[in-house]
Amino acid sequence: MSWIIARRRHPAAGYAAIAGLLVVVAVGYGALTGFGSGASASAPAQNATDIAQGRSLFLDNCSSCHGLEAQGTPQAPSLIGAGAAAVDFQMSTGRMPAKEQGPQNDRKPVTFTQQQIYDIAGYIASLAPGPQIPSASEVSTAGADAALGSQLFSTNCTQCHGFAGAGGALTYGKDAPPLTASTPTQIYEAMLTGPEAMPVFGDGTLTPSDKRDIIAYITQTRGETNPGGFSLGRTGPVTEGLVIWLGGLGFLVLIAMWITAKRRDTRVDLDES
Amino acid sequence: MSDDVHVPGALRGLGNWVDERFGGAGYVRTLMKKVFPDHWSFFLGEIALYSFVILLLTGTFLSLFFVPSMNDVVYHGSYIKLNGLRMSEAYASTLRISFDVRGGLLIRQIHHWAADIFMVAITVHMLRIFFTGAYRKPREVNWLIGIILFSLGLIEGLFGYSLPDDQLSGAGLRIFEGVLQGIPIVGTYLAYFLFGGGFPGNDIVPRMYIIHVLLIPGLILALVTAHLLIMFHQKHTAMPAKDQTDTHELGQPFFPYFIAKTTAWLFFVFAALAILATFAQINPIWQYGPYTPLAISSASQPDWYMGILEGALRMMPAWEINFLGHTLSLSVLIPFALPLGIILGGAAFWPWFEKWATGDNSEHHVLDRPRNAAVRTSIGIAVVVFYGVLWAEGANDVIANKLQIPLYTVTWISRVLVIVGPILAYFATKRICIGLQRKDAELLEHGLETGIIVQRPNGEFEEIHRPVSEEARAVLEAKKVPLALPVGAAAVDENGVSAPQARGLMGKMRVRANQAFLETIPLPAGDGHGHGNGHEGNGHGEVEGGGQEHAAVGASTAPAELDRLPDAQPQRPDPGAAGDESES
């Protein structure tokens, strides 16, 4: 303690205190909100679904907005014909049940088990035909062509999700989410059902094989190391500009001040008076 | 000084041999004794110089491997994720530099970071020159050369960024083509000539390459040489300090002090770039993919120095008019020409405007403290805000995404701020400057507060004020008060007749502009706190002159009275006296 007291008027003490506080706040915030916890990827299994169980879950958790018969209300669209894939995408990414009315629903922690989601999906699929949850083999990237996927991705996806799938802004408060946490099944379902502002990429637009190539590109890209150092968020030159101004110039200015520093005579000055 | 140095016999012999043939000893002696001022901000321009050297070195390395060609090739290199894709040779060779050439990625990243810091350094160097008034007579030409160097740097950077023919650079090139086409009447022809036909064609990469590696670097090199020679000839400006006058420069001699510092500085700049290039990935073209006109990525931004143009383009409403049968794409033309036109044109014009508005045509070698030139500082900050808003708008989608603000809200905020921000910044900065001047005047008059309270025998409490040190006093007293125009006469005399110089539109405007410059806090009259010591025994006429100016200014009590006092003139150095410099 006396060590701190002796140095509390040290020129660097203020900076040290601020840096310490920042660390405390960051650790506290991280502890409260969880350090970057991602959704666990689970292999989609075509388990036997219990439609009756699904209907019961639907009535408890979804019907207040989507209506008792999933017919839709002014707050939420009809789910008749939405298909199992849409339900699985929305619920397995935590977007549904929605937290609030807003421009769009963002990914959040999932509150249902995968079996419960399949049950609800089975119930919705029983109302009218719609896109099915893809099987494990349909989303498998084994043998997929990531190079073709990169071309397909750059012509169909980068406009919104960015060149490396880091996400991007859309209009009116919507955004294209980063593709860092999506499972292959979720990516496939998103292309199939076109959630939120995303267009539907049906099998006529992107064949199942194209979809697998895109998934291969996305999963390879996000897993790949950055040969040039820290990725700086993979958002292009904006963060590079930030780094050169704050890091590059900041560092050099400190060095320049050091090179040209003069010995301070203030202490002598004080003694004179 | 150099006479004291012991020179080894062999070196002396070699030196004599060279000197007897080329006679450089006198010049070298002058060079070695040249005085360099010692202030950190004087090293900003040197960052630009050294990063330019690094750019030339790394660029030479890259040119050994880069193939400036738009020929279609199928890629079969180390980066398997793009294996089998068709792409231009330019892009394929950049991939090769990045993944197959030993040290290629490091050199590429050093080159790109060096380009970024080159423009950063030019920018902050120009800001330093502007805010301290270093562009004033006799350095106006060097100021103009600096503005041209900045503009050349912009184009050089744009072309370098466009060379690898990746998705992002292609998008930038597409905008560049659109801007060219937006120029009235000649635009479409210009774009056609440059690209050798329609976009993108096969000609643009080889053409940009030769401009990027030969033409513009040559121009920059020539202008940098001129810049440095002129600076050498005119000598450095100097921050206000004790004994620093317009004819007497303080600092350290080139040899051995400054050369040690500047060599260290070269290594520090190189180190900073090497560290950045090692740890921070820049321009990962393999992620962007080869350019195809079909695709565009979100967060497509240019390098930082083009951000202001990008922002202007994003901010501008989609206006297009038809004028006498010519389509005028104002939505492209205005963002391209207006912001940089205002900033660079204004910067080029400013030294003459200031001369005109202040009537100050004398030489200046001692710099102004920014607070003491309130109008200049406020205009500078207004331009910085103007630039900053446009610059930030260039990243509007990234800002919208990261800060969760709707995109159009960001754009509308910037549209309002780009007009309101500079105006607010001007007045706020001016008030802050005047406030700081007031604080300085108080420091001179009352000295520093010591926090020591004493009780007098009569019971009165009093705080002890310590007079500021001689050095600090010299800095505070370096302030110059602008001249009231028209010189020697009131703009309107007591009979309501205006002075001849104040008549007409230009005369009235000049008086108005002058009044803005006149708003300043006068320095207090000399007091008894040991002030007189500064004038004893140093024998510098300039310092005495400063004292007289100080007394003359101190005689007035309110800024409003200044324009009625013909003797409230700034100190003028003897125009006949050449700049004489000496060692510290």
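Note that this is a predicted model, so its numbers are computed, not measured.

K.L.:
Would you mind going over the overall build of chain A with me for this structure?
P.N.:
Counting its secondary structure elements, chain A contains 13 helices and two strands. Out of the 273 residues belonging to chain A, those deemed buried represent 39%. Nonlocal contacts in chain A, meaning residues at least 24 apart in sequence, comprise 61% of its contacts between residues at least 6 apart. Summed over its atoms, the accessible surface of chain A is roughly 14,800 Å², and 62% of this surface lies on carbon and sulfur atoms.

K.L.:
Can you help me understand the overall build of chain B in this one?
P.N.:
The helix and strand tally for chain B stands at 19 helices and 10 strands. Taking all contacts inside chain B whose residues are at least 6 apart in sequence as the whole, residues at least 24 apart take part in 76%. Accessible surface, chain B: about 27,600 Å² in total, of which carbon and sulfur atoms supply 66%.

K.L.:
Before we go on, may I ask you to explain the packing of aromatic side chains in this structure?
P.N.:
Geometry of an aromatic ring pair is reported as the spacing of the ring centres plus the angle between the planes. Evaluation of the coordinates by the stated rule reveals 33 aromatic pairs over all chains. Summarising the aromatic geometry, the rings of W258 of chain A and F268 of chain B are spaced 6.0 Å apart at their centres and angled 80 degrees between planes, so their arrangement reads as edge-to-face. Here W258 of chain A, found in helix α12 (residues 237-259), pairs with F268 of chain B, found in helix α10 (residues 254-279), and the two come from separate chains. A relative accessible area of 59% places W258 of chain A in the exposed class.

K.L.:
Help me out: how do you make sense of the packing of helix α3 (residues 44-63) of chain B against helix α9 (residues 204-234) of chain B in this one?
P.N.:
Helix packing for two helices is described by the angle between their axes and how far apart those axes are. All names here are of chain B. Taken N-terminus to C-terminus, the directions of α3 and α9 make an angle of 155 degrees; their axes are 12 Å apart at the nearest point. Considering the angle they form, α3 stands roughly antiparallel to α9. In this structure, α3 meets α9 at a crossing whose hand is left-handed. From α3, L49, F52, L56 and S63 reach across to α9, where they touch Y209, P217, I220, L221, V224 and L228.

K.L.:
What is the right way to look at the pairing of strand β8 (residues 448-455) of chain B in this model?
P.N.:
In regular strands, side chains alternate between the two faces of the sheet. Residue and element names in this part refer to chain B. Counted residue by residue, β8 has zero buried out of eight residues, so it is predominantly exposed. Examined bridge by bridge, β8 and strand β9 (residues 461-466) share five bridges and lie antiparallel to one another. Residue pairing for β9: L448 is matched across the bridge by R466. A loop of five residues connects β8 with β9, the two strands running antiparallel in sequence, and G459 in this loop sits at a positive phi of about 95 degrees.

K.L.:
Looking at this model, I keep getting lost on the interface of chain B and chain A. Mind explaining?
P.N.:
Interfaces are often sized by the amount of accessible area the parts lose when they come together. Listed per partner, the contact involves 62 residues of chain B and 58 residues of chain A. Of the roughly 5,000 Å² buried where chain B meets chain A, counting both sides, 68% is carbon and sulfur surface. At the boundary of chain B and chain A, one finds one salt bridge. A salt bridge links E224 of chain A to K81 of chain B; its shortest N-O distance comes to 3.3 Å.

K.L.:
Can you walk me through a nonpolar patch on the surface in this structure?
P.N.:
Residues Y172 of chain A together with Y408, W412, V416, I419, V420, I423, L424 and F427 of chain B make up a contiguous nonpolar surface patch of roughly 1,000 Å² in combined accessible area. Assignment of secondary structure puts Y408 of chain B in helix α16 (residues 407-446).

K.L.:
Sorry, what's going on with the nonpolar core here?
P.N.:
Considering soluble globular proteins, one finds that nonpolar side chains tend to be buried as a cluster. Core analysis: the largest hydrophobic core is formed by 101 residues, its most contacted members being I47, W113 and W265 of chain B. Per-element accounting of this core gives the leading share, 16 residues, to helix α5 (residues 104-132) of chain B. Apart from the residues lying within four places of it in its own chain, the contact partners of W265 of chain B are L252, I255, A256 and I259 of chain A together with F43, E46, I47 and Y50 of chain B. Among the nonpolar cores identified, the runner-up in size contains 17 residues, and F163 and A164 of chain A together with L82 and Y288 of chain B belong to it.

K.L.:
What is the right way to look at α12 of chain A in this model?
P.N.:
Since the α-helix turns once every 3.6 residues, residues separated by three or four places project in the same direction. Compared with the 33 Å implied by 1.5 Å per residue over 23 residues, the 31 Å span of α12 of chain A between its first and last C-alpha is a close match. Approximately 30 degrees is the largest bend angle found in α12 of chain A, and it occurs at I244 of chain A. Regarding α12 of chain A, the residues found buried are P237, E240, G241, I244, G248, L249, L252, V253, I255, A256 and I259 of chain A. Packed against the buried residues of α12 of chain A are α3, α5, α7 (167-182), α10 and α11 (285-288) of chain B.

K.L.:
For this particular structure, what's the right way to read the packing of helix α3 (residues 51-61) of chain A against helix α6 (residues 114-127) of chain A?
P.N.:
All names here are of chain A. Taken N-terminus to C-terminus, the directions of α3 and α6 make an angle of 95 degrees; their axes are 7 Å apart at the nearest point. Classed by the angle they form, the pair α3 and α6 counts as roughly perpendicular. Every residue of α6 that contacts α3 at I51, Q53, G54, R55, L57 and F58 is listed here: Q116, D119, I120, G122, Y123, I124 and S126. For the contact of α3 with α6, the residue count by class is six nonpolar, five polar and two charged.

K.L.:
Explanation requested: the environment of A347 of chain B in the structure shown.
P.N.:
Residues and elements named next belong to chain B. Here A347 shows up in helix α13 (residues 330-358). Its relative accessible area of 14% is what places A347 among the buried residues. Through-space distance from the C-alpha of A347 to that of M126 is 9.5 Å; in sequence the pair is 221 residues apart. Those residues in contact with A347, other than ones at most four positions away along the chain, are W143, I147 and I342.

K.L.:
In this structure, what is going on with the state of the cysteines? I would like to understand it.
P.N.:
Here a disulfide denotes one covalent bond, and it connects the sulfur atoms of two cysteines. All names here are of chain A. Going through the model one piece at a time under the given rule, you end up with zero disulfides over all chains. C157 supplies the cysteine sulfur nearest to C160, a cysteine that is in no disulfide, at a spacing of 8.8 Å. Judged by its relative accessible area of 30%, C160 is partly exposed.

K.L.:
What should I look at first to understand the pattern of salt bridges in this one?
P.N.:
Two side chains that carry opposite charge are able to pair once their charged atoms sit near each other. Residues and elements named next belong to chain B. All told, the structure shown has 21 salt bridges over all chains when counted by the stated rule. For R376, the salt bridge is made with D368, and the minimal N-O distance between the two is 3.1 Å. It is possible to trace a salt-bridge network through shared partners that takes in R136, E354, D368 and R376.

K.L.:
For this particular structure, what's the right way to read the environment of N142 of chain B?
P.N.:
Residue and element names in this part refer to chain B. Here N142 shows up in helix α6 (residues 140-162). Counting along the chain gives 82 residues from N142 to V224, while the straight-line C-alpha distance between them is 9.9 Å. With residues near it in sequence (within four places) discarded, N142 still touches A226, H227, I230 and M231.

K.L.:
Got a minute to help me understand unusual backbone geometry in this structure?
P.N.:
Across the chain, the bulk of peptide bonds are trans and the bulk of non-glycine residues have phi less than zero. Cis peptide bonds are those with omega within 30 degrees of zero, and the linkage from M96 of chain A to P97 of chain A qualifies with -5 degrees. Note on placement: P97 of chain A falls in the loop between α5 (83-92) and α6. Omega for the bond connecting K137 of chain B with P138 of chain B falls within 30 degrees of zero, at 10 degrees, which places this linkage in the cis form. Turning to its location among the elements, P138 of chain B is positioned in the loop between α5 and α6. Positive phi outside glycine occurs at E196 of chain A, with the angle close to 50 degrees.

K.L.:
Looking at this structure, how should I read the confidence of the model for chain A?
P.N.:
Residues and elements named next belong to chain A. Here chain A averages 85 in pLDDT, while 89% of its residues score no lower than 70. Within chain A, no element has a lower average pLDDT than helix α13 (residues 266-272), which sits at 47, and none a higher one than α12, at 94. Segment residues 36-46 is flagged for pLDDT under 50; beyond a separation of four residues in sequence, or across chains, it makes 11 contacts in the model. Every residue in residues 267-273 is under pLDDT 50, and counting partners more than four places away or in other chains gives four contacts.

K.L.:
Explain the side chain of Q287 of chain B to me, please; I cannot follow it from the model alone.
P.N.:
Looking at the secondary structure, you find Q287 of chain B in helix α11. For Q287 of chain B, a relative accessible area of 2% puts it in the buried group. A distance of 3.3 Å separates the side chain of Q287 of chain B from the side chain of N226 of chain A, its partner in a polar contact.

K.L.:
So what exactly am I meant to see when it comes to the side chain of T358 of chain B here?
P.N.:
Residue and element names in this part refer to chain B. Tracing the backbone through its elements, the reader meets T358 in helix α13. Among the polar contacts listed, one links the side chain of T358 to the backbone oxygen of E354, at a separation of 2.6 Å. Among all residues touching T358, those that are not within four sequence positions of it are L483, L485, N514 and F517.

K.L.:
Sorry if this is basic, but what is going on with helix α15 (residues 396-403) of chain B here?
P.N.:
Those residues of α15 of chain B lying buried are N396, D397, V398, A400 and N401 of chain B. Tucked into the core, α15 of chain B has its buried residues touching β1 (168-169), β2 (175-176) and α12 of chain A together with α12 (307-315), α14 (374-393) and α16 of chain B.

Cut-off values and rules
- Residues numbered from 1 in each chain as written.
- Chains lettered and ligands numbered in written order.
- Predicted model: local features only at pLDDT ≥ 70, side-chain atom pairs only at ≥ 80, totals over all residues.
- Heavy atoms only, no water.
- Helix = DSSP H or I, 4+ residues; strand = E, 2+ residues; numbered from the N terminus.
- Buried < 20%, exposed > 50% of the residue type's maximum accessible area, 1.4 Å probe, protein only.
- Contact = heavy atoms within 4.5 Å.
- Areas by Shrake-Rupley, 256 points an atom, 1.4 Å probe, with all protein chains shown as cover.
- Phe/Tyr/Trp six-rings, centres within 6.5 Å; stacked < 30°, edge-to-face > 60°.
- Axes fitted to C-alpha atoms, helices over the stretch in contact; angles between N-to-C directions.
- Parallel < 35°, antiparallel > 145°, perpendicular 65-115°, else oblique.
- Left-handed = near helix turned anticlockwise from the far one by under 90°.
- Pairing = 2+ DSSP bridges.
- Buried area = accessible area lost by both parts, 1.4 Å probe.
- Salt bridge = Lys/Arg side-chain N within 4 Å of Asp/Glu carboxyl O.
- Patch = residues over 30% accessible without salt bridge, like charges linked within 9 Å, V, L, I, M, F, W, Y side chains within 5 Å.
- Core = buried A, V, L, I, M, F, W, Y, C linked by side-chain atoms within 4.5 Å.
- Expected span 1.5 Å × (residues − 1).
- Bend = angle between axes of the 7 residues up to and from the residue.
- Nonpolar A, V, L, I, M, F, W, Y, C, P; charged D, E, K, R; others polar.
- Disulfide = S-S within 2.5 Å.
- pLDDT = per-residue confidence, 0-100.
- Polar contact = N/O pair within 3.5 Å; in protein donor to acceptor, adjacent residues only side chain to side chain.

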